[in-house]
Amino acid sequence: DVKVTQSSRYLVKRTGEKVFLECVQDMDHENMFWYRQDPGLGLRLIYFSYDVKMKEKGDIPEGYSVSREKKERFSLILESASTNQTSMYLCASSLAGGKETQYFGPGTRLLVL
Amino acid sequence: GQSLEQPSEVTAVEGAIVQINCTYQTSGFYGLSWYQQHDGGAPTFLSYNALDGLEETGRFSSFLSRSDSYGYLLLQELQMKDSASYFCAFPPGSTLGRLYFGRGTQLTVWP
């Protein structure tokens with residue numbers, strides 16, 4: 001069974017803080033993804049990684065960065081949190097390839113005050 | 001660019017059949033996926049259509065027509081537990097594994 005875990009279910013941070021969201025998968029998947037989910041907007045891709053130390057921008061990368069130092073771990077970094085980054089953040093992983101199923105973590109609900 | 005259109009909300013009663021449509025636009029098309037997400041939960045994979053036609057998995061079926069750039073998810077014998085958001089998605093011409101998701105359809109099943 002694929003398992004994707006995220007470091008926190010709920011997080012409250014202050015404007016200007018640096019925020020780290022961590023994601024770990026245990027199925028040796030090559031691909032990992034960070035999405036943001038807001039009501040009525042669906043899942044929007046922030047960044048993804050198809051290999052260790054490799055990253056690609058998604059549709060909304062502004063204000064975010066990522067790190068993938070190990071295959072199983074993909075971190076999302078908010079360099080200076082802002083209130084408009086209050087959202088649900090979902091991590092996912094999949095095998096390499098263009099049409100593989102993505103497996104999602106439970107999500108981190110971030111509130112920036 | 002690419003786009004996916006699906007209705008924002010659908011309601012039905014237990015035991016009924018409901019169809020959630022999805023139309024897409026993209027320069028390179030490799031197939032259409034469907035994901036289910038319950039309130040507070042993670043999205044989970046339901047089905048994938050690479051070729052035209054109907055794919056059946058129990059009470060759920062998914063259909064694709066590449067010539068019409070259209071697909072749908074069909075849910076039969078609806079149960080209360082089917083109340084969830086349903087997302088269609090496709091890989092946008094890339095082999096790197098990313099998916100482009102629609103905005104989701106909130107299905108409410110009434111008793």
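Analysis parameters
- Residues numbered from 1 in each chain as written.
- Chains lettered and ligands numbered in written order.
- Predicted model: local features only at pLDDT ≥ 70, side-chain atom pairs only at ≥ 80, totals over all residues.
- Heavy atoms only, no water.
- Helix = DSSP H or I, 4+ residues; strand = E, 2+ residues; numbered from the N terminus.
- Rg over C-alpha atoms; globule rule 2.2 N^0.38 Å.
- Buried < 20%, exposed > 50% of the residue type's maximum accessible area, 1.4 Å probe, protein only.
- Contact = heavy atoms within 4.5 Å.
- Polar contact = N/O pair within 3.5 Å; in protein donor to acceptor, adjacent residues only side chain to side chain.
- Patch = residues over 30% accessible without salt bridge, like charges linked within 9 Å, V, L, I, M, F, W, Y side chains within 5 Å.
- Areas by Shrake-Rupley, 256 points an atom, 1.4 Å probe, with all protein chains shown as cover.
- Salt bridge = Lys/Arg side-chain N within 4 Å of Asp/Glu carboxyl O.

A. Spatial organisation of the overall build of chain A. A tally of helices and strands in chain A yields zero helices and 11 strands. The linear arrangement of helices and strands in chain A, starting from the amino end, is β-β-β-β-β-β-β-β-β-β-β. Relative to its length of 113 residues, chain A is compact, with a C-alpha radius of gyration of 13 Å against a globular reference of 13 Å. Referenced to the eigenvectors of the C-alpha coordinate spread, the extents of chain A come out at roughly 40 × 30 × 25 Å. Here chain A holds 113 residues, and the buried ones make up 48% of them.

B. Seen up close, the environment of Gln85 of chain A. Residues and elements named next belong to chain A. Tracing the backbone through its elements, the reader meets Gln85 in the loop between strand E8 (73-78) and strand E9 (87-94). Sequence-distant contacts of Gln85, that is, excluding residues within four places in its chain, are made with Arg36, Gly63, Tyr64, Leu78, Ser80, Leu110 and Val112. A distance of 3.2 Å separates a polar atom in the side chain of Gln85 from the backbone oxygen of Gly63.

C. Just the side chain of Gln36 of chain B, in detail. All names here are of chain B. With respect to the helices and strands, Gln36 occurs in strand E4 (residues 32-37). Of the polar contacts made by the side chain of Gln36, one reaches the side chain of Tyr86; its length is 3.0 Å. Beyond its immediate sequence surroundings of up to four residues, Gln36 is in contact with Ala42, Pro43, Thr44, Leu46, Phe60, Ala84, Ser85 and Tyr86.

D. How the structure looks around a nonpolar patch on the surface. Residues and elements named next belong to chain A. A cluster of nonpolar side chains, Val12, Leu111 and Leu113, forms an exposed patch at the surface whose accessible area comes to about 260 Å². Within the secondary structure, Leu113 is located in the segment after strand E11 (108-112). Taking relative accessible area as the criterion, Leu113 reaches 46% and is therefore assigned partly exposed.

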